[in-house]
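Descriptive structure summary
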Amino acid sequence: MKAIKKIAIWVLTGLYILLVFGFVSNRYKNQLCNSIQIYIEDSLNTGFLNQEDVINILESRGLNYLGKPLSEINLAKLENEILTNQIVKDCRTYTGTDGILYIDIAQREPFVRIIDKYRNGYYIDLEGYILSLSPRFTPHVLVVNGHIQTPFNIGKTVNVNNLGEGNQEQMI
């Protein structure tokens, strides 16, 4: 008799879980995106990027998801578009059943500022990525200047580790 009760409890629990899952799944398909919540990791210490910048990135690429069903949001495409910004180190996007699109971003952290022989400036982070200067944020880092050539476009995502040996010699 105890075995029958245990089996009945497990069967009823399984049916309940399937019922709830079906309800949530159906609700998710019909749920519209009613807001976007952006979290930028370490934004107090590294202020290159703010929420308005992320919204501008999305709008400039025609990625306005407000009012659209959550099931139609291409999260991988959204992450890839945000990762095109050279300041963004990592991006995770996900949706909740509450109609909110969540975007979590980690910024690159510069460790040195370079001022080349033409007085153009840029930062290099710990992984070797080139970062443009920001008009709103200046981190306290080591400054290197002098007769330095810059053999790459500062505005594009470039890693100094991927430059050819000939190009690295031109930088010094």
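This section reports on the structure supplied with the text. Quick caveat: nothing in here was measured; it's all calculated off a predicted structure.

**Observations concerning the packing of helix 2 (residues 51-60) against helix 3 (residues 75-83)**
Contact pair helix 2 / helix 3: the axes reach a minimum separation of 10 Å and the direction vectors enclose 115°. As judged from the angle between their axes, helix 2 and helix 3 are roughly perpendicular. For helix 2 against helix 3, the interelement crossing comes out right-handed. Contacts between helix 2 and helix 3 involve Val-54, Ile-57 and Leu-58 from the first element and Leu-78, Glu-81 and Ile-82 from the second. A class-by-class count of the residues in the contact of helix 2 with helix 3 yields 5 nonpolar, no polar and 1 charged.

**Concerning the sheet that holds strand 3 (residues 100-107)**
As a general point, the strands of a sheet are linked pairwise by backbone hydrogen bonds and lie either parallel or antiparallel. An order of 1-3-2 is seen for the 3 strands of this open sheet, with the pairing classed as mixed. Two strands close off the open sheet at either side, each with one partner strand: strand 1 (35-41) and strand 2 (88-95). The average angle at which neighbouring strand axes cross in this sheet is 15°, direction not considered. With 7 bridges joining them, strand 2 and strand 3 adopt antiparallel strand pairing. Each bridged residue has a counterpart across the sheet, and for Thr-95 the counterpart in strand 3 is Leu-101. Where helix 2 meets the sheet, it contacts strand 1 and strand 3, and its direction lies at approximately 125° from that of strand 1. Strands strand 2 and strand 3 of the sheet are contacted by helix 3, whose axis makes an angle of about 155° with strand 2.

Each value, and the rule that gives it
- Residues numbered from 1 in each chain as written.
- Predicted model: local features only at pLDDT ≥ 70, side-chain atom pairs only at ≥ 80, totals over all residues.
- Heavy atoms only, no water.
- Axes fitted to C-alpha atoms, helices over the stretch in contact; angles between N-to-C directions.
- Helix = DSSP H or I, 4+ residues; strand = E, 2+ residues; numbered from the N terminus.
- Parallel < 35°, antiparallel > 145°, perpendicular 65-115°, else oblique.
- Left-handed = near helix turned anticlockwise from the far one by under 90°.
- Contact = heavy atoms within 4.5 Å.
- Nonpolar A, V, L, I, M, F, W, Y, C, P; charged D, E, K, R; others polar.
- Pairing = 2+ DSSP bridges.

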